[in-house]
Amino acid sequence: MSDARVEEPRPDPATSPNEAELAEAGLRLDVDGAIATITLNRPERRNALTFATWRGLAGIGESLPDGVRVVVLRGAGPSFSAGIDLGMFSGGGFPDGADAAASDRFIAGLQESSTWLRRPEIVSIAAVHGHAIGGGFQLALSCDIRVIADDTKFCMKEPALGIVPDLTGTKPLVEIVGVNRALELCLTARTVLADEAARLGLAEYVVPRADLDKTVDELVTALLAVNPGAAVATKRLLLEAPGNTLEEQCAAERREQIGRLRELFGSQNA
Ligand code: CAA
């Protein structure tokens, strides 16, 4: 495994989507110090996701201010997200199918809407209520922590529509519920209610709908109370763990701890 402490260069903040682009993407972004809140904001379409939404999410990730430590993703109106905007579900906008490389690049671009939510520099929280279908479910799965309301309905609907889940959701789904349960959920495209989601580990918190915002606020406060450098190093360490042998993970723990001790007490002690 490569050295996980190598920092990715932060992309050019000039790519930040402007207000008009965010509005067209059905997104709202509120940055308050260390907290960025992204609201999926097309409630009249149940926050259905368009190519503009995915590009907007990627742009937010690329241009996130350095001081942001927690990102909260939420949905306006009755649902978190009804998944892909079915008005676009015709292949329109998709590059010429004969050019596999162009199609690959196109989907890779869409996937950038969610990959950045795993960055060690931030903790991402999905605050989910109502329906989280297809791309909406995958977006929630891309976050580090899911706080869900008791009216949540998860559904991986893609196979029922003849496609596969391709917005980075299959890896976390399998890591959380295992291959067999993931297969059952995807190939039946059935709805998972909040209680079952909690039992399967798909949610870290299940709360009454009225308590969703308060619970997220308390979680954010707790996360921000932790030493920022320790938070980044610990997330990096935990993300590495599933792919590492015990020996590799022990080495990673030593490496991260030496970095922390140097940071806290100066290089002469570590
Ligand atoms: N795309 C476009 N419009 C949508 C939409 C979607 N995915 N989901 C809902 N809407 C629209 C409805 O057409 C309706 O519009 P009108 O008011 O003009 O009639 C409006 O939003 C409200 O919808 P409902 O009246 O159906 O609201 P509801 O609260 O009763 O039901 C729902 C909500 C269960 C989400 C239902 O709307 C629904 O089943 N939507 C479709 C879900 C779906 O199949 N999504 C695709 C998943 S696959 C995927 O996401 C693939 C991928 O990312 C790559």
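Just above, that's the structure.
Since we're looking at a predicted model, the values are computed, not measured.

Colleague: Mind showing me how you'd approach the nonpolar core here?
Modeller: Considering soluble globular proteins, one finds that nonpolar side chains tend to be buried as a cluster. Of all hydrophobic cores here, the largest spans 46 residues; its most connected members are Val 71, Phe 154, Leu 173 and Leu 202. Those elements that place two or more of their residues in this core are strand 2 (35-40), helix 2 (51-62), strand 3 (70-75), helix 3 (100-115), strand 4 (123-128), helix 4 (135-141), helix 5 (170-188) and helix 6 (194-200). In this view, Phe 154 contacts Val 128, Ala 132, Phe 137, Ala 140, Ile 148, Arg 190, Thr 191, Val 192, Ala 197 and Leu 202; residues no more than four positions away in its chain are not counted. By size, the runner-up hydrophobic cluster in this structure holds 13 residues, among which are Val 70, Val 123, Ala 127 and Val 147.

Colleague: In this structure, what is going on with the side chain of Thr 152? I would like to understand it.
Modeller: Here Thr 152 lies in the loop between strand 6 (145-149) and strand 7 (153-155). Here Val 128 takes part through its backbone oxygen, which lies 3.2 Å from a polar atom of the side chain of Thr 152. Apart from residues lying up to four places away in sequence, Thr 152 is in contact with Val 128, His 129, Gly 130, Val 192, Leu 193 and Ala 194.

Colleague: I tried to follow the sheet that holds strand 7 on my own but got confused; where do I start?
Modeller: Strand pairing in a sheet relies on backbone hydrogen bonds. The paired strands run either parallel or antiparallel. Spatial strand order, 5-7-8: three strands in an open sheet with mixed pairing. Single-partner strands in this sheet number two, and they are strand 5 (131-133) and strand 8 (191-193). When strand polarity is set aside, the average angle formed by the axes of neighbouring strands in this sheet is 20 degrees. Across three bridges, strand 7 lies against strand 8 in antiparallel orientation. When the bridges of strand 8 are listed, Cys 155 appears paired with Thr 191.

So, how was this worked out
- Residues numbered from 1 in each chain as written.
- Predicted model: local features only at pLDDT ≥ 70, side-chain atom pairs only at ≥ 80, totals over all residues.
- Heavy atoms only, no water.
- Core = buried A, V, L, I, M, F, W, Y, C linked by side-chain atoms within 4.5 Å.
- Buried < 20%, exposed > 50% of the residue type's maximum accessible area, 1.4 Å probe, protein only.
- Helix = DSSP H or I, 4+ residues; strand = E, 2+ residues; numbered from the N terminus.
- Contact = heavy atoms within 4.5 Å.
- Polar contact = N/O pair within 3.5 Å; in protein donor to acceptor, adjacent residues only side chain to side chain.
- Pairing = 2+ DSSP bridges.
- Axes fitted to C-alpha atoms, helices over the stretch in contact; angles between N-to-C directions.

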